Amino acid sequence: MAGSIMIRANKKGELTTVKALIKHPMETGLRKDKKSGKKIPAHFIQEVSCKHAGKEVMSAQWGASVSKNPYFTFRFRGADKGDRVTLTWVDNQGGSESKETEVA
Amino acid sequence: MTMNIKRRTLLKGSFAGATMAIAAGAGLLKPSRVLAVWPEKVFKAENVEGFLQDIYGNTSLQASEDIQIQVPEIAENGAVVPVTVTTGIANVQSIGLAVVNNTNPLAAVFHMSDNADGYVSTRLKMAGTSDVLATVKVGNETFFARKEVKVTIGGCGG
């Protein structure tokens, strides 16, 4: 799942806003395939973590109720322009990806 | 003799491992600290009480005016409902989001570090018209706010 993450970090005043969009099916495991009638196995992101300067600023645990191709935003203090922010996700089937961006 | 020594070391080693497992099992290590363990029970809970008890223990929830939930009043598509939670409460430790009427209500828990703001925005799935519940944890206290979203899939909204 290369290239699944789009991330941006923008500093305005004291606050840095991080916006991220992850390409992921987020299957709940409750949906049925219309043709075969079989349940589609659950496949969703469980852990998301965001680090700034090696320190975790936000970590999240998700269930299957987060929409397909999840998008989220949060804000934090203490970053400077040019700092690096890393986002990592892990799903229930062991897939994961990381991406780094610069605070603009 | 050498074999016996090895056996001792092995026993000691496995005993230490077992103690850790017990500590984790007894909830001494909270899920927020042991991030590698995704709390399946909490996310599989089928009602709000089920997960609130597990995440927040016995602390009773207090309604708060200082938590704003921004959601559409009517959502045409329940698969993508934008939800934004803003709170003025200081030192927020975590923000939880749940869709009360979903099969598994708990959607997400965002753990905030000391320098993160009391703000989070994301998109949730909603099986039907339901309240969106936001919980904010500060120290030993938990605050909440809720707001209804009407989902009108198929154009026959109520």
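So, here is what we can say about the structure in this document.

The rules behind these values
- Residues numbered from 1 in each chain as written.
- Chains lettered and ligands numbered in written order.
- Predicted model: local features only at pLDDT ≥ 70, side-chain atom pairs only at ≥ 80, totals over all residues.
- Heavy atoms only, no water.
- Contact = heavy atoms within 4.5 Å.
- Buried area = accessible area lost by both parts, 1.4 Å probe.
- Salt bridge = Lys/Arg side-chain N within 4 Å of Asp/Glu carboxyl O.
- Helix = DSSP H or I, 4+ residues; strand = E, 2+ residues; numbered from the N terminus.
- Nonpolar A, V, L, I, M, F, W, Y, C, P; charged D, E, K, R; others polar.
- Pairing = 2+ DSSP bridges.
- Buried < 20%, exposed > 50% of the residue type's maximum accessible area, 1.4 Å probe, protein only.

## Brief notes about the interface of chain B and chain A
Interfaces are often described in size by the accessible area the parts lose on coming together. Of the residues lining the interface, 32 residues belong to chain B; the matching set on chain A comes to 30 residues. Area buried by chain B at its contact with chain A is led by Trp38, Arg123 and Lys125 of chain B, which between them contribute 25% of it. Counting every contact that joins chain B to chain A gives two salt bridges. Elements with a minimum of two residues in the side of chain B that touches chain A: β4 (81-87), β6 (106-112) and β7 (116-124) of chain B. Per-element accounting of the side of chain B that touches chain A gives the leading share, eight residues, to β7 of chain B. Looking at side-chain class alone, the side of chain B that touches chain A contains 20 nonpolar, nine polar and three charged residues. The pairing of strand β4 (residues 55-62) of chain A with β6 of chain B spans five bridges and is classified as antiparallel. Its bridge partner being in β6 of chain B, Trp62 of chain A is matched across the sheet by Ala108 of chain B.

## Side note on the pairing of β4 of chain A
Looking along a regular strand, one sees side chains alternate from face to face of the sheet. Residue and element names in this part refer to chain A. Within β4, six of the eight residues are buried, which leaves the element mostly enclosed by the surrounding structure. Examined bridge by bridge, strand β3 (residues 45-52) and β4 share six bridges and lie antiparallel to one another. Following the sheet pairing, Glu47 is matched in β4 by Gln61. Here β3 hands over to β4 after two residues, with Ala53 in that stretch at a positive phi of 50°.

## Some thoughts on the environment of Gln68 of chain B
Residue and element names in this part refer to chain B. One can find Gln68 in strand β2 (residues 67-70). Given the relative accessible area of 38%, Gln68 is considered partly exposed. Taking the C-alpha atoms as reference points, Gln68 and Ala145, separated by 77 residues in sequence, lie 7.4 Å from one another. Excluding anything up to four places from it in sequence, Gln68 contacts Thr84, Val85 and Thr86.

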